Amino acid sequence: MADTVDSLVARMHELLVVHLTQGPAVPAEQDVLSSLGLSFLGAPRRVDVAAGLHDLIARAGALGTDGTWLVAAGHASLAGMAVAGGRADQALFHLDAAVTAGFNDCVALHVDPIRPLHHDPRFQALYRRIRVTQGDLDEYFWLHAEMQALARDVSNASVDNVGRLDTGVSPLPMPPMPTREPDAPGVLITRIDLAATRTALQQAVMKAEFQRSAGNTSLSLIDDTWDLPRARHDARYADEADLLRRRAAEARAFVERPGAGSVPSPCPPLGSLTYPA
């Protein structure tokens, strides 16, 4: 089947979720043949996220101008992996390629792990090449702030759910993704980052919730010590907490600022932006 932008977006999302949930090399989903191979050979196949991103870059490049922003997305993710691994030269190589292909998320370039690169003349030169509109910059701040808000929601929910005896399951509520037409396709890259973050966190939350629920269900069936009145109380409390979280998520929805500029301009001076906490 021929590659399309949509199919490569899905592949990018998949690779980012793998990286967020299990690191750069994880067991792949096993089909029938893979399962047979596992039975005979012992070790599961592994997914090399970096190799997957390089493959995505090549396939996106073959789409021509339609796939250029996905080339940028692949290089940006490889740059992030290189920064995390302490490989500054490799990070700069991929950042330069990402900017050349349209990456312009200057907010992301102010996250703490990247700040040491701010002193490198090569980084300063590529940063000066970036252009962004005020409308896109507003959305970049929202996208990154939402990633942080979701992480806080997961942390708070995990504390709230300690000791819950009911069998209900509380998914992680999320505000809608922005639907404005971005001024530059670079915004689509960070939307994929947020979407992958949402998927990874939701998977973690639901796994913990189903484990808790299943444990309580087992207690209700086999253990006379299960406290049914307490479970009913916990269920009511959980419903109230879920409602508050949904309302808080809805209140965080992105609102496009009237009059936000749509003319590309140089990014704010390097070091002047504060990454959302």
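Residues numbered from 1 in each chain as written. Predicted model: local features only at pLDDT ≥ 70, side-chain atom pairs only at ≥ 80, totals over all residues. Heavy atoms only, no water.

Participant: Just to check I follow, could you spell out the side chain of Arg198 for this structure?
Facilitator: Note that Arg198 resides in helix α8 (residues 186–222). With no salt bridge to any partner, buried Arg198 finds its closest opposite charge in Glu146, at an N-O distance of 4.4 Å. Residues contacting Arg198, with those up to four places away along its chain left out, are Trp142, Glu146, Leu150, Met174, Pro175, Pro176 and Met177. (Helix = DSSP H or I, 4+ residues; strand = E, 2+ residues; numbered from the N terminus. Buried < 20%, exposed > 50% of the residue type's maximum accessible area, 1.4 Å probe, protein only. Lys, Arg positive; Asp, Glu negative; His and termini not counted. Salt bridge = Lys/Arg side-chain N within 4 Å of Asp/Glu carboxyl O. Contact = heavy atoms within 4.5 Å.)

Participant: Which parts of the structure should I look at to understand the packing of helix α4 (residues 68–84) against helix α5 (residues 88–100)?
Facilitator: Two packed helices can be described by the angle between their axes and the distance between those axes. It is at 8 Å that the axes of α4 and α5 come closest, and there the two elements cross at 160 degrees. One element, α4, and the other, α5, form an angle in the roughly antiparallel class. Crossing angle aside, the handedness with which α4 passes α5 is left-handed. In contact with Ala72, His75, Ala76, Leu78, Ala79, Ala82 and Val83 of α4, α5 contributes Gln90, Ala91, His94, Leu95, Ala97 and Ala98. (Axes fitted to C-alpha atoms, helices over the stretch in contact; angles between N-to-C directions. Parallel < 35°, antiparallel > 145°, perpendicular 65-115°, else oblique. Left-handed = near helix turned anticlockwise from the far one by under 90°.)

Participant: So what exactly am I meant to see when it comes to helix α9 (residues 228–251) here?
Facilitator: The α-helix winds at 3.6 residues per turn, so residues separated by three or four positions along the chain end up facing the same way. Between the first and last C-alpha of α9 there are 35 Å, a value that for 24 residues agrees with the 34 Å anticipated at 1.5 Å per step. For α9, the complete set of buried residues consists of Ala231, Asp234, Ala238, Ala241, Asp242, Arg245 and Ala249. Along its buried surface, α9 packs onto α7 (134–160). (Expected span 1.5 Å × (residues − 1).)

Participant: Is there a simple way to explain the nonpolar core in this structure?
Facilitator: Ranked by size, the top nonpolar core spans 59 residues in total, and within it Phe103, Leu109, Leu117, Phe123 and Tyr127 carry the most contacts. If you list the elements that add at least two residues to this core, you get α1 (5–22), α3 (49–61), α4, α5, α6 (121–128), α7 and α8. A total of 11 residues in this core trace back to one element, the largest contributor, which is α4. Residues in contact with Leu117, not counting those within four places in the same chain, are Val83, Ala88, Ala91, Leu92, Leu95 and Phe123. (Core = buried A, V, L, I, M, F, W, Y, C linked by side-chain atoms within 4.5 Å.)

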